[in-house]
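Commentary on secondary and tertiary structure
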Amino acid sequence: MAIRNIREEGDELLRKISRPVTEMTERIDTLIDDMLDTMYEAEGVGLAAPQVGILRRIFVVDIGEGPIVMINPEIIETSGEQEGPEGCLSVPGFQGTVIRPNYVKMKGLNRKMKPFTIEAEEFLARALCHEFDHLNGILYIDKVEGEVYRVSEADEEDYEEFTEE
């Protein structure tokens, strides 16, 4: 397991559409472990494969309830609306207000390449949709309502308190 470099906004790879995973290989399994390690090291709540330079349809999310690994995810239902602050490990030091569905239902494959469905609301729904966008070359800054703004350390602490409620 290793910490991988996180690609930042401006890197053309982040704007490309990722390819599906057709089989679990040792390289894909290692990639998932590395993505989890990298996400935790960077104190993020999600990370998509393109963010570490791999154009595969994989992302990981952990909002504090344990890791979720999604391979070849598809959104099958959304409803409601939520507006809130978002940041991204690929756009460090900035945030912006983004409107996302309040509920999302996704299907995908787990690490054993077995199909599963996940239903999520509020912050988890936001995180899943954010990471799903990465697989299609979309960054949250493309969806910001208003301005993208620099985050101070005090703002980051306030944001962490907001997300823990």
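Throughout this document, residue positions are counted from 1 along each chain, in the order its sequence is written. At least 70 in pLDDT is required for a residue's local features to be given in this predicted model, at least 80 for side-chain atom pairs to be given and counted, and no such filter applies to totals for whole chains, interfaces and linings, which use all residues. Neither water nor hydrogens contribute to the side-chain values; these are computed over all heavy atoms in the structure.

Quick word on the environment of proline 67
For proline 67, the position within the fold is in the loop between β2 (58-61) and β3 (68-79). Linking proline 67 and lysine 112, residues 45 residues apart in sequence, is a C-alpha distance of 15 Å. Only heavy atoms enter the contact rule, under which two residues are in contact if any of them lie within 4.5 Å. When near neighbours in sequence (up to four residues on either side) are disregarded, proline 67 contacts Leu36, Tyr40, Val61 and Asp62. Strands are runs of DSSP state E lasting at least two residues, helices are runs of H or I lasting at least four, and both sets are numbered from the N terminus onward.

A closer look at the pairing of β3
As defined by bridge partners, β2 adjoins β3 across four bridges and the pair is classed as antiparallel. By the bridge assignment, valine 61 is partnered in β3 with isoleucine 68. Two strands are counted as paired when DSSP detects at least two bridges linking them. Across six bridges, β3 lies against strand β6 (residues 103-109) in antiparallel orientation. Residue pairing across strands places isoleucine 71 opposite leucine 109, the latter belonging to β6.

As for the nonpolar core
The biggest cluster of nonpolar side chains holds 16 residues, and the ones touching the most others in it are Phe59, Val104, Met106, Ile118, Leu124 and Leu128. Among the elements that take part in this core, helix α2 (residues 122-134) stands out by supplying six residues, more than any other. Excluding its chain neighbours within four sequence positions, the residues that come into contact with methionine 106 are Phe59, Met70, Pro73, Glu74, Ile75, Ile76, Phe116, Thr117, Ile118, Leu128, Cys129 and Phe132. For this analysis, a nonpolar core means a set of buried residues of the types Ala, Val, Leu, Ile, Met, Phe, Trp, Tyr and Cys, connected via side-chain atoms within 4.5 Å. Burial here depends on accessible area, computed with a 1.4 Å probe over protein chains only, as a share of the maximum for the residue type. Under 20% is buried, over 50% is exposed, and the range in between is partly exposed. Counting 15 residues, the second largest nonpolar core, distinct from the first, contains Ile28, Ile58, Val69 and Leu109.

A word on the sheet that holds strand β7 (residues 115-121)
Sheet architecture is open: five strands sit in the order β1-β2-β3-β6-β7, paired in antiparallel fashion. In the strand order of this sheet, the two ends are held by β1 (46-48) and β7, each with one partner. On average, adjacent strands in this sheet sit at an angle of 35 degrees to one another, irrespective of strand direction. Against the sheet, helix α1 (residues 26-41) engages β1, β2 and β3, with an angle of about 35 degrees to β2. Where α2 meets the sheet, it contacts β1, β2, β3, β6 and β7, and its direction lies at approximately 125 degrees from that of β7. Here, axes are lines fitted to C-alpha atoms. For helices the fit covers the stretch in contact, and angles between N-to-C directions go from 0 to 180 degrees.

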